[in-house]
Amino acid sequence: MDLHHLEYIVEIAKERNISKAAQNLHISQPTLSIYLSKLEQELNLKLFHRANNVLTITEAGQKYAKTCQQILDLKESLYKELYSDKNHVFCMGILSSDAAVFGKVMKDFNRLHPQITLKPVIQKSKEIYESVLSGELDFGFITSYSSHPKDSLPEVNTSIVKEYELMCCIAKNNPVYSMLHLEDGILMEQDYPLLNQLTLSVSSIPMIRKRILEDLVISMDLHPRQVVINDSLELWAPLLAINHMYGFWPYSHMDDSIAQIPLHFHPNVCKLLIYPKGIRMAAPQKQMIRMVIKEFKDRPYYYNI
């Protein structure tokens, strides 16, 4: 058994839900389900009982998960000793919008691995990608607005840290907002013509602009009265209200005056981990990444707009 498979059982035992465990482990739900089924067949034991997407751990499962955790703790202790007499440097690319997340993670990581120097470099997603390719960065965390993010970055290893749903954002004081026939709070196709009365506000960042104008607008058959390119994230929400515009943005923490309306086909954008192909990450790097994923888990894309 690979050691990372031990993490699978520990996470399933903690979450008691395959989908949640898979999300935390950063693997697909079918992969985790197949692994658990094969393991139970191999052991000829039931580790979990399944009912209505909820898992109940068996006595055998409790013993197995406890032992898995003990082995993982021993591994962690070993790696601390192995790295204790060396001064390693981790160079990582991050986005300015994620600085608060990484500030907390770096402090927590430093308490665990004071011998490792963390060297964060704040860049835009495209720059982080290029720096990872050139070897200037060991790994990076970027945003992808592509509908197929892994296919759009074939030259690096990619792993989805978190997905954020793209929402239609419109001020509640906009006259069109009260006219929308929202079904269960979702923007339906019958509402699309109402949006054509408004100006569409789009970010100046190329990858965002491309996803909105070349994907969403076309697939929704929208014909905005006008398209305005917005350079200011800080003023984006107020401008929606003042100028009676609408826009598309990943789910974020916004002022209550702005409605964030999900679309019926639920398009997403992704926060990605990228790192060079052919590279195997050291244990502390993997731990750093797990800590980042955990910190991102319950955060909206932007904490405050």
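Residues numbered from 1 in each chain as written. Predicted model: local features only at pLDDT ≥ 70, side-chain atom pairs only at ≥ 80, totals over all residues. Heavy atoms only, no water.

A. Geometry of the environment of Lys150. Mapping Lys150 onto the fold places it in the loop between strand E5 (139–144) and strand E6 (156–171). What Lys150 contacts, discounting residues up to four positions off in sequence, is Thr158, Ser159 and Ile160. (Helix = DSSP H or I, 4+ residues; strand = E, 2+ residues; numbered from the N terminus. Contact = heavy atoms within 4.5 Å.)

B. Representation of the layout of surface pockets in the model. A volume near 1000 Å³ is recorded for the second largest pocket. Around the second largest pocket, the lining comprises 35 residues; the ones closest to its centre are Ser125, Lys126, Thr143, Ile205 and Met207. Going through the elements one at a time, helix H6 (125–134), E5 and helix H8 (206–219) are the ones with two or more residues in the lining of the second largest pocket. Among the elements that make up the lining of the second largest pocket, the one with the highest residue count is H8 (seven residues). When grouped by side-chain class, the residues that make up the lining of the second largest pocket number 14 nonpolar, 12 polar and nine charged. (1 Å grid on protein atoms, 1.4 Å probe; cavity = no way out; pocket = protein on both sides within 12 Å on 5 of 7 lines; lining within 4 Å. Points joined across faces, edges and corners; volume = space filled by probe spheres on them. Nonpolar A, V, L, I, M, F, W, Y, C, P; charged D, E, K, R; others polar.)

C. Structural context of the nonpolar core. Residues Phe102, Leu187, Tyr246, Phe248 and Met288 are the most contacted members of the largest nonpolar core, which totals 60 residues. No other element matches the eight residues that E6 contributes to this core. In this structure Phe102 touches Met92, Ile94, Phe141, Met288, Val292 and Phe296, once residues within four positions along its chain are discounted. Grouped together as the second largest cluster of nonpolar side chains are 22 residues, Ile9, Ala13, Tyr35 and Ala65 included. (Core = buried A, V, L, I, M, F, W, Y, C linked by side-chain atoms within 4.5 Å. Buried < 20%, exposed > 50% of the residue type's maximum accessible area, 1.4 Å probe, protein only.)

D. Looking closely at the packing of helix H2 (residues 18–25) against helix H3 (residues 29–43). Between H2 and H3, the shortest axis-to-axis distance is 8 Å and the interhelical angle comes to 110°. If you check the angle between H2 and H3, you find them roughly perpendicular. For the element pair H2 and H3, the recorded crossing hand is right-handed. For the pair H2 and H3, contact is made by Ile18, Ser19, Ala21, Ala22 and Leu25 and by Gln29, Leu32, Ser33 and Leu36, respectively. Here the residues of the contact of H2 with H3 sort into six nonpolar, three polar and no charged. (Axes fitted to C-alpha atoms, helices over the stretch in contact; angles between N-to-C directions. Parallel < 35°, antiparallel > 145°, perpendicular 65-115°, else oblique. Left-handed = near helix turned anticlockwise from the far one by under 90°.)

E. A look at the pairing of E5. E5 sits mainly inside the fold: six of its six residues count as buried. Residues Phe139, Phe141 and Thr143 of E5 are buried on one face, and the alternating residues Gly140, Ile142 and Ser144, pointing to the opposite face, are buried as well. Two strands pair when backbone bridges link them, and E5 and strand E11 (residues 268–276) are joined in this way by five bridges, in the antiparallel orientation. Looking at E11, one finds that Gly140 is bridged to Ile274. (Pairing = 2+ DSSP bridges.)

F. Seen up close, the side chain of Arg211. Its place among the elements puts Arg211 in helix H8. The residues touching Arg211, leaving out its near neighbours within four places in the chain, are Tyr145, Ser146, Ser147, Leu166, Leu216, Pro267, Asn268 and Val269.

G. Structural context of the pattern of salt bridges. Tallied over the full model, the rule gives 11 salt bridges. For Lys14, the salt bridge identified is with Glu11, shortest N-O distance 3.2 Å. Of this pair, Lys14 and Glu11 both sit in helix H1 (residues 3–15), separated by three residues, roughly a single helical turn. On the basis of relative accessibility, which here comes to 55%, the residue Lys14 falls in the exposed class. Arg111 is the salt-bridge partner of Asp108, the closest N and O atoms lying 2.2 Å from each other. Residue Asp108 and its partner Arg111 are both found in helix H5 (residues 99–112); the two are separated by three residues, about one turn of the helix. (Salt bridge = Lys/Arg side-chain N within 4 Å of Asp/Glu carboxyl O.)

H. Broad picture of the environment of His223. By secondary structure assignment, the location of His223 is in the loop between H8 and strand E8 (226–230). One polar contact links His223 to Asp221, side chain to side chain, over a distance of 3.1 Å. (Polar contact = N/O pair within 3.5 Å; in protein donor to acceptor, adjacent residues only side chain to side chain.)

None of this, on its own, says anything about what the molecule does.
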